[in-house]
Amino acid sequence: MGIKEMKFEFEEFEALEDIFVYMSTMAPPMKNMLPINSYKGYVFSLIPLNPTTGDTYLVIYTKGKVDGRMLEFDMSQKKYKQVEMAERADKTYFVVLTPKKNTIADAALKELERSP
């Protein structure tokens, strides 16, 4: 069994808040806790476009870094802040993941940095 080739589609944003808006609008109803990666100078989310095969991902990203373990995002004000726990149903929360190594992200970033 060989290694399957992964494909990536990219959508770049100017600011972290734009990514939070994007992800908040596409989250299933009543799901207000979403993951976000801060890795190698990028903040991004990897979204499987084909959940069955897992070979194509949409990478929504911006250059930068975000600190904190959990961020509360207020869509109406387009602002976020670091919090200790999710307390409000009317807010969206992002769990910041900062992996030491992420091979899928490494492959995506390699392709991203290779493209014009």
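Everything below is about the structure printed above this text.
The rules behind the values
Residues numbered from 1 in each chain as written. Predicted model: local features only at pLDDT ≥ 70, side-chain atom pairs only at ≥ 80, totals over all residues. Heavy atoms only, no water. Phe/Tyr/Trp six-rings, centres within 6.5 Å; stacked < 30°, edge-to-face > 60°. Helix = DSSP H or I, 4+ residues; strand = E, 2+ residues; numbered from the N terminus. Buried < 20%, exposed > 50% of the residue type's maximum accessible area, 1.4 Å probe, protein only. Core = buried A, V, L, I, M, F, W, Y, C linked by side-chain atoms within 4.5 Å. Contact = heavy atoms within 4.5 Å. Pairing = 2+ DSSP bridges. Expected span 1.5 Å × (residues − 1). Polar contact = N/O pair within 3.5 Å; in protein donor to acceptor, adjacent residues only side chain to side chain. Axes fitted to C-alpha atoms, helices over the stretch in contact; angles between N-to-C directions.

Participant: Can you explain the packing of aromatic side chains? Please cite residues and give values.
Facilitator: One pass over the full model with this rule turns up nine aromatic pairs. For the pair phenylalanine 8 and tyrosine 57, a centre-to-centre distance of 6.0 Å together with 25 degrees between the ring planes defines the contact as stacked. Taken together, the positions of phenylalanine 8 in strand β1 (residues 7-12) and tyrosine 57 in strand β4 (residues 56-63) put the pair 49 residues apart, joining distant regions of the chain. One exposure class covers both phenylalanine 8 and tyrosine 57, and it is buried. Where phenylalanine 20 meets phenylalanine 94, the ring centres are 4.1 Å apart and the plane angle is 20 degrees; that geometry is what we call stacked. You can see phenylalanine 20 sitting in helix α1 (residues 16-26) and its partner phenylalanine 94 sitting in strand β7 (residues 92-97), a full 74 residues away along the chain. Phenylalanine 94 shares its class with phenylalanine 20; the two are buried. Among the aromatic side chains, those forming a connected cluster through ring pairs are Phe8, Phe10, Tyr42, Tyr57 and Tyr61.

Participant: Describe the nonpolar core, with residues and values.
Facilitator: Counting 17 residues, the largest nonpolar core has Phe20, Met23, Ile36, Ile60 and Phe94 as its most contacted members. Broken down by secondary-structure element, the contributors of at least two residues to this core are α1, β2 (33-39), β3 (42-48), β4, β5 (70-74) and β7. Setting aside anything within four residues of it in sequence, one finds methionine 23 in contact with Leu34, Pro35, Ile36, Ser45, Ile60 and Phe94. Membership of the second largest hydrophobic core comes to eleven residues, among which are Phe44, Val59, Tyr61 and Ala108.

Participant: Describe the pairing of β7, naming the residues involved and giving the relevant values.
Facilitator: Bridge analysis of β2 against β7 gives five bridges, and the strand direction is parallel. If you follow proline 35 over to β7, its bridge partner there is valine 95. In this structure, β5 lies alongside β7, joined through four bridges in antiparallel fashion. Residue pairing for β7: methionine 70 is matched across the bridge by valine 95.

Participant: Describe helix α2 (residues 103-114), listing the residues and the values that go with them.
Facilitator: Counted at 1.5 Å a residue, the expected span for α2 with its twelve residues is 16 Å, and the 16 Å between its end C-alpha atoms agrees. The inward-facing, buried residues of α2 contact β1, β2, β3 and β4. Measuring from the side-chain oxygen of the N-cap residue of α2 to the backbone nitrogen of isoleucine 104 gives 3.2 Å; that N-cap residue is asparagine 102.

Participant: Describe unusual backbone geometry, naming the residues involved and giving the relevant values.
Facilitator: Positive phi, normally seen in glycine, also occurs at lysine 40, with a value near 50 degrees. For lysine 78, which is not a glycine, the phi torsion comes out positive at approximately 55 degrees. With respect to the helices, strands and loops of the structure, lysine 78 is situated in the loop between β5 and β6 (79-82).

Participant: Tell me about α1, residues and numbers included.
Facilitator: Looking only at α1, the buried set comprises Leu16, Asp18, Ile19, Phe20, Met23 and Ser24. As for α1, its buried residues are in contact with β2, β3, β4, β5, β6 and β7.

Participant: Any chance you could break down the sheet that holds β2 for me, citing the residues and the numbers?
Facilitator: The sheet built from seven strands is open, its strands ordered β1-β4-β3-β2-β7-β5-β6 with mixed pairing. At either margin of the open sheet sits one strand with a lone partner, and together these are β1 and β6. Adjacent strand axes in the sheet meet at a mean angle of 30 degrees when their direction is disregarded. Bridge analysis of β5 against β6 gives four bridges, and the strand direction is antiparallel. Bridge pairing links aspartate 74 to lysine 79 in β6. Against the sheet, α1 touches β1, β2, β3, β4, β5, β6 and β7, its axis set at about 145 degrees to β4.

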